[in-house]
Amino acid sequence: MGFFSSLKRLWRSDKSDESAEHSAASASALPASEENASEGATSIDTPPIGNSAPATNTVSDQPEPSSEKKLPTADIADSPSESHALPTFSASAGWQEPLLVSLREAEPRLSVWLSLALEGLGPDARTGDALWERIRFLLIALGAPKDEAENFVRDFAAWAERMEYEEVADFRSELQYRLALALELEDEEDERNRLFLKLNEGLARTREHLGKGLTALFSSHGDLNEDFWEELEELFIMADMGVEAATGLCKRLRERARAASARTPEELRPLLATELEAIFRIPRRVVAVNPPEVVLVIGVNGVGKTTTIAKLAYRAHMQGKKVLLAAADTFRAAAVEQLGIWAKRTGSGFHSKGQNADPAAVAWESMDIAIKGHYDIIFIDTAGRLHTKSNLMDELTKIRDVIARKHPGAPHRSILVVDATTGQNALQQTKIFKDAAGIDEIILTKLDGTAKGGVAVAIAMQYGLPITYVGLGEKMEDLRPFNGDDFAKALLGQD
Ligand SMILES: Nc1nc2c(ncn2[C@@H]2O[C@H](COP(=O)(O)OP(=O)(O)O)[C@@H](O)[C@H]2O)c(=O)[nH]1
Ligand SMILES: [Mg+2]
C-alpha cells in the first residue's frame, strides 16, 4: 500500500493549502499522468482527477499537467497497474465526464466524493454493474492503480453478496469506511466526526453525571478549597471511576493546579482536560513483529471478544494482510461456529478442532498453519468462563506457552477485551487478567451503548494499560483506534 501512503501524504498536505494550490498538488499526485496526457482525449477511460484534458475546461485556473509533474515516489512509478487493463468505461453511458468535472470541483472529502459518485443512481440505488462502475471510476479518479481499484470492487461486491446487502443505503457507511481504509484516508475529518458522534452518544450517561456535575461544581465554588476537592472526588466516583482512580486523579489535579498556580475552578477546567489526555496517552512501543504476528484475545464471556476479532481481522484484511483465525474457545459449539462465520465474512483463514478440543492444541496447530501458510497475522479466540477462574488462567498460560514455543516473541499482543457498559466489573476483570495472564493492551467494547465511560480512566490510570481500540457497534466496521483527546472531550462534554 505504499502507493496509497503517498497519495495520503499528498492529500493531507493539500488540505492545508488554498484551493488553487490544492488542485495543482493533486494533479501531481496522480498516477500515470504522463501516459494519459499523451493519450489525449482517450483519458476519460482512466480519469485521474486533474488529468483529463476534455474535463478540465471548467477549472481553467489550474495549470495543465505537464512533463515536470512527476509521480511522487518510485513505488508509484513502478506500479504494475498499467498492465492490468480495466474493462473500458462505457463511453455511451455519458456520466463519466460530468462526474469527473463535479469531482474536480468538489470539496476534497471522501464523503463528498462518494455522494457525487452515487448521485446518478438515485435514492434507491442497488448493487450491480452500474454501482461497481462508479466505485471503480471514483477510485481511479482518486489515483488508485487500476488493478487495486478492480480488486477493491471485486472484494466489496463479493462481501455485499455474502452479507445479502442489495440497497446501497444498507452498506453505504461500510463502503465509505472501506474506501477510507483502502485510500488510507481513515483519519479524515468525516471519519473522526462519526467516531466522535458515536462516542458522544455512548458516553451521554457518564457525561450527564460528570459534565453537568462539573459545571455545577465549578460554578458553585469561588476557589479551590477542600470542599471543592472533596466534591470533585465524589463526582469522579459517581462517573464509574472507582475510589482509587478518583483519588488518584484528584491528587494529580492538585499537583497540576499548584504547578500552574491555578486558584479558581475555572482555571482548573482546562487542566482537567489536559490531565485526562495525559492519562490516555499511549506510550510508544515496538510495533514491528517477526511474522506471523500472533494476537491472543482474552476476556470474560460476552464482552465482545469474537466480534472484536472479526473487526480486527477485517481491518487487517483491508490492509492487505493474510489473516488466520483460530478457534481456541472450544467450550461452546456456538463460539466455534460464530468465529467460522466471521472468518468467511472477513476473508480470513480459519482453524478449529471443534467443540471441547484442547485449546492449547488448537493454538499449536494454528501456529503451524500460520507459519507454513505464510500468514501475516493470526488471531486466537479464547474462552472466558470466569467462574472457573484458575482453570481459565491455566488454560491461557498453556496457550501462551505453546505459542511461544512455536514462534519466538509470540504472542506479540495479548489483548484484553472489556465491556465498557459493565463499569466497575470491567476494572475487576482487568486486574484478574493482568495479574494472571498478562495483558499488553485493552480494547473497550460497547461504547455505543450506555457506557460507563469513567472506567476507561480508571483502567488507564490504575493499570497503565493502553486502550488501543474502541468498539462502537456490532458490525465489522464499528471499531476505531482509541483517541484519548476525543474521549476526554466526550467525557467532559466539551467540543
Ligand atoms: N453494541 C455493541 N455490541 C457489541 C460490541 N461488541 C460486541 N457486541 C455484541 O456483544 C455480544 C457478545 O459478543 P461476542 O463477540 O460473542 O463476545 P465473546 O463472548 O466475548 O466472544 C454480541 O451480541 C455482539 O454483537 C460493540 O462494540 N457494541
Ligand atoms: Mg466468543
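Here the structure is shown first, and the text comes after it.
Quick caveat, the model's predicted, so the values are computed rather than measured.

Undergrad: Explanation requested: the overall build of the chain in the structure shown.
TA: Helix and strand counts for the chain come out as 20 helices and eight strands. Classification of the 495 residues of the chain by burial places 44% in the buried group. Taking the contacts inside the chain whose residues are at least 6 apart along the sequence as the reference set, 72% of them involve residues at least 24 apart.

Undergrad: Help me understand the nonpolar core in this model?
TA: The tendency in soluble globular proteins is for nonpolar side chains to be buried as a group. Residues Leu325, Ala326, Ile378, Phe379, Ile380 and Val457 are the most contacted members of the largest nonpolar core, which totals 124 residues. The element that contributes the greatest number of residues to this core is helix H12 (residues 226-259), accounting for ten residues. Residues contacting Leu325, with those up to four places away along its chain left out, are Ile309, Ala313, Leu339, Trp342, Ala343, Ser348, Gly349, Phe350, Phe379 and Asp381.

Undergrad: Can you walk me through the environment of Arg254 in this structure?
TA: Tracing the backbone through its elements, the reader meets Arg254 in helix H12. Taking the C-alpha atoms as reference points, Arg254 and Leu268, separated by 14 residues in sequence, lie 9.1 Å from one another.

Undergrad: Just checking my understanding: could you explain unusual backbone geometry for this structure?
TA: For residues that are not glycine, phi is negative in most cases, and the peptide bond is trans in most cases. The omega torsion of the bond from Pro291 to Pro292 falls at 0°, within 30 degrees of zero and hence cis. Residue placement: Pro292 occurs in the loop between helix H13 (265-280) and strand S1 (293-298). For the peptide bond that leads from Ala410 to Pro411, omega is -5°, which places it in the cis range. Phi angles above zero are rare outside glycine, and Ser261 is one such case at about 50°. With respect to the helices, strands and loops of the structure, Ser261 is situated in the loop between H12 and H13. Not every positive phi belongs to a glycine, and His374 is a case in point at roughly 55°. Within the element layout of this structure, His374 appears in the loop between helix H16 (359-372) and strand S4 (377-382). C-beta crowding within 10 Å serves as the criterion here: with 9 such atoms nearby, His374 is assigned to the exposed category.

Undergrad: Where do I start with the pairing of strand S5 (residues 413-419) in this structure?
TA: Here is the key point about a regular strand: its side chains alternate between the two faces of the sheet. In terms of burial, S5 is largely enclosed, as seven of its seven residues are buried. Neither face of S5 is open: one carries Arg413, Ile415, Val417 and Asp419, the other Ser414, Leu416 and Val418, and all of them are buried. As paired elements, S1 and S5 share four bridges and run parallel to each other. Bridge assignment links Val297 to a residue of S5, and that residue is Ile415. Here S5 runs beside strand S6 (residues 441-445); their pairing, made up of five bridges, is parallel. Bridging across to S6, Asp419 finds its partner in Thr445. As for the winding sense of the linkage, the β-α-β connection from S5 through helix H18 (residues 424-437) to S6 is right-handed.

Undergrad: Would you mind going over the packing of helix H6 (residues 110-119) against helix H9 (residues 168-182) with me for this structure?
TA: Geometry of a packed helix pair, given as the angle between the helix axes and the separation of the axes. Interaxial distance between H6 and H9 falls to 11 Å at its minimum, and their mutual angle equals 135°. Taken as axis vectors, H6 and H9 run oblique relative to one another. For H6 against H9, the interelement crossing comes out right-handed. Contacts between H6 and H9 pair Leu110, Ser111, Leu114 and Leu118 from the former with Val168, Gln176, Leu179 and Ala180 from the latter. When its residues are assigned to classes, the contact of H6 with H9 shows six nonpolar, two polar and no charged.

Undergrad: Would you explain the environment of Lys198 in this entry?
TA: Note on placement: Lys198 falls in helix H10 (residues 189-202). Taking the C-beta count within 10 Å as the criterion, Lys198 has 18 such neighbours and is therefore assigned partly exposed. Aside from chain neighbours lying at most four places away, what touches Lys198 is Asp448 and Leu472.

Undergrad: Where do I start with the pairing of S1 in this structure?
TA: Most of S1 sits out of view: six of its six residues are buried. Of the two faces of S1, both are covered, the one formed by Glu293, Val295 and Val297 as well as the one formed by Val294, Leu296 and Ile298. Pairing of S1 with S4 involves five bridges; the strand directions are parallel. Looking across to S4, one finds that Val294 is bridged to Ile378.

Undergrad: Even after reading the chapter, I still don't get H6, so can you show me in this structure?
TA: Think of an α-helix as 3.6 residues a turn; residues three or four steps apart then line up on the same face. For H6, the complete set of buried residues consists of Leu110, Trp113, Leu116 and Ala117. Looking straight down H6, one finds its buried side chains confined to an arc of 130°; they lie on one side.

Undergrad: I'm lost on the site of ligand 1 in this one. Help?
TA: As a matter of local geometry, ligand 1 sits amid 18 residues, with Gly304, Lys305, Thr306, Thr307 and Gly471 nearest to it. In terms of residues, the shell around ligand 1 owes the most to one element, helix H14 (residues 305-318), which gives three residues. In terms of residue class, the shell around ligand 1 is built from two nonpolar, eleven polar and five charged.

Undergrad: Sorry, what's going on with the sheet that holds S1 here?
TA: Backbone hydrogen bonds are what pair the strands of a sheet, in a parallel or an antiparallel way. Overall, mixed pairing links the eight strands, which are arranged S3-S2-S4-S1-S5-S6-S7-S8 in an open sheet. Strand pairing shows two members of the sheet lacking a second neighbour, strand S3 (349-351) and strand S8 (479-481), which therefore form its edges. Averaged over all pairs of adjacent strands, the angle between strand axes in this sheet comes to 25°, irrespective of strand direction. Contacts from H16 reach strand S2 (323-328), S3 and S4 within the one sheet, and its direction differs from that of S2 by about 165°.

Undergrad: Before we go on, may I ask you to explain the packing of H16 against helix H17 (residues 389-406) in this structure?
TA: Where H16 contacts H17, the axes come no closer than 9 Å and their chain directions differ by 20°. One finds that H16 runs roughly parallel with respect to H17. For the pair H16 and H17, the crossing hand works out as right-handed. Across from Pro359, Ala360, Ala363, Trp364 and Met367 in H16, the residues of H17 making contact are Glu395, Lys398, Ile399, Val402, Ile403 and Lys406. When grouped by side-chain class, the residues that make up the contact of H16 with H17 number eight nonpolar, no polar and three charged.

Undergrad: Would you mind showing me how to read helix H11 (residues 204-220) here?
TA: A rise of 1.5 Å per residue sets the reference length of H11, with its 17 residues, at 24 Å; its end C-alpha atoms lie 23 Å apart and thus fit the reference within 8%. Residues of H11 that are buried: Thr206, Arg207, Leu210 and Leu214. Looking at the packing, one finds that the buried side of H11 touches H12, helix H19 (454-463) and helix H20 (484-492).

Calculation criteria
Residues numbered from 1 in each chain as written. Chains lettered and ligands numbered in written order. Predicted model: local features only at pLDDT ≥ 70, side-chain atom pairs only at ≥ 80, totals over all residues. Helix = DSSP H or I, 4+ residues; strand = E, 2+ residues; numbered from the N terminus. Buried ≥ 20, exposed ≤ 12 C-beta atoms within 10 Å, placed from the backbone. Contact = placed C-beta atoms within 7 Å. Core = buried A, V, L, I, M, F, W, Y, C linked by C-beta atoms within 7 Å. Pairing = 2+ DSSP bridges. Right-handed = clockwise from strand over helix to strand, strands pointing away. Axes fitted to C-alpha atoms, helices over the stretch in contact; angles between N-to-C directions. Parallel < 35°, antiparallel > 145°, perpendicular 65-115°, else oblique. Left-handed = near helix turned anticlockwise from the far one by under 90°. Nonpolar A, V, L, I, M, F, W, Y, C, P; charged D, E, K, R; others polar. Arc of directions from axis to C-beta. Near = placed C-beta within 6 Å. Expected span 1.5 Å × (residues − 1).

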